[in-house]
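# Inside the fold
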Amino acid sequence: MNNPDDDGNWQLSINELQAIKAEADVYIGWNLWKMQKKDEAASIWREVIFGTIANDVAKASAHAGLGIYYAEKGNKEVALEHAQFAQDLLPEDATANQNKNLNACGIALAKIGELEKAEEILLKVARINEQLMKSDDPEIVREATHQRGKNGYNLASLVYIPQERFYEAIKELEEEVIPRYKAVGAETDLAAAYHRIAEVNEKIAEGDSHSTVNTVALNLALSAEKKSLSLWQKYQEDAPGRVETAMENIKRIENKMGEQE
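A short tour of the structure in this document, coming up. (Residues numbered from 1 in each chain as written. Predicted model: local features only at pLDDT ≥ 70, side-chain atom pairs only at ≥ 80, totals over all residues. Heavy atoms only, no water.)

Their axes nearest at 11 Å, the elements helix H7 (residues 138-160) and helix H9 (residues 187-207) cross at an angle of 25 degrees. On the basis of their axis angle, the class for H7 and H9 is roughly parallel. Crossing hand, H7 versus H9: left-handed. Seen from H7, the contacting residues are His-146, Lys-150, Tyr-153 and Ser-157; seen from H9, they are Asp-189, Ala-192, Ala-193 and Arg-196. (Axes fitted to C-alpha atoms, helices over the stretch in contact; angles between N-to-C directions. Helix = DSSP H or I, 4+ residues; strand = E, 2+ residues; numbered from the N terminus. Parallel < 35°, antiparallel > 145°, perpendicular 65-115°, else oblique. Left-handed = near helix turned anticlockwise from the far one by under 90°. Contact = heavy atoms within 4.5 Å.)

As structure tokens, this is what we get:
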């Protein structure tokens with residue numbers, strides 16, 4: 001922080017303090033959001049953007065928050081405007097926490113059907129996570145690795161699968177998501193990823209009348225769902241419903257395979 005010198009550089013000091021306050025206000029807004037005080041959070045974020053001296057990262061985070069806020073309100077036009085500002089203002093060297101806010105904005109847009117913009121944002125988040133994975137700090141690397149896995153999962157689940165871009169979804173899950181989940185030992189996330197692969201292969205089988213394609217796809221679906229089940233069974237006390245669902249999925253896939261014989 002700048003200290004005023006003998007010449008009285010007070011204005012610069014005030015500006016720096018206001019910028020620091022703006023960053024703190026952004027975090028206050030996110031805490032209020034998590035407490036379900038969403039209108040209060042939105043009010044703080046608007047003040048950061050329009051009423052204070054704030055750096056681009058703070059403004060990007062505030063815009064991301066407002067993007068989610070207006071997406072939940074069903075105001076797609078305003079949500080998209082804030083999402084674009086958030087994407088444009090957030091630098092490629094953003095921190096993991098700053099990146100999470102933009103990721104959440106992308107998820108919100110996907111959920112209201114703005115898949116093209118959601119994909120654009122989630123891909124930027126992916127690039128930032130990949131840069132963070134090159135850090136010298138092992139904790140940052142671990143967090144970024146996990147977040148890149150989650151980011152790819154969101155791309156597959158919320159963007160690619162709804163558009164029936166099934167092979168892109170499988171590629172993302174197999175090449176970007178699963179290796180990273182394995183690297184950080186995120187086993188419940190890994191179980192979800194294997195289930196998503198099973199789901200996609202089932203959809204491929206349903207959409208293709210060729211018996212060979214159906215057989216291969218259903219076998220892949222069964223294998224992935226069994227991997228998902230084996231992982232969920234390790235956490236059965238915490239997630240008993242997941243085990244039951246996986247077993248039901250396996251039975252359904254096996255029945256489909258039996259119908260082909």
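Alright, that's what it looks like, and here's the rest.
Here Asn-151 shows up in helix H7. Taking the relative accessible area as the measure of exposure, Asn-151 reaches 1% and is therefore buried. Contacts of Asn-151, omitting those with residues within four sequence positions, involve Asn-103, Leu-122, Val-125, Ala-126 and Asn-129. (Buried < 20%, exposed > 50% of the residue type's maximum accessible area, 1.4 Å probe, protein only.)

Moving on: the pattern of salt bridges. Summed over all chains, the structure comprises 18 salt bridges. Note that Arg-127 is salt-bridged to Glu-92, the shortest N-O span being 3.7 Å. Of this pair, Arg-127 sits in helix H6 (residues 115-132) while Glu-92 sits in the loop between helix H4 (76-89) and helix H5 (96-111), and the two are 35 residues apart along the sequence. With relative accessibility at 41%, the residue Arg-127 sits in the partly exposed group. The structure contains a network of salt bridges with shared partners spanning Glu-130, Arg-148, Glu-172, Glu-176 and Arg-180. (Salt bridge = Lys/Arg side-chain N within 4 Å of Asp/Glu carboxyl O.)

So, about helix H2 (residues 38-50). Spanning 13 residues, H2 covers 18 Å between terminal C-alpha atoms, matching the ideal 18 Å at 1.5 Å per step. Along H2, the residues that are buried comprise Ala-41, Ala-42, Trp-45, Val-48 and Ile-49. Looking straight down H2, one finds its buried side chains confined to an arc of 120 degrees; they lie on one side. (Expected span 1.5 Å × (residues − 1). Arc of directions from axis to C-beta.)

Scope: geometric values only; no functional claims are made or implied.
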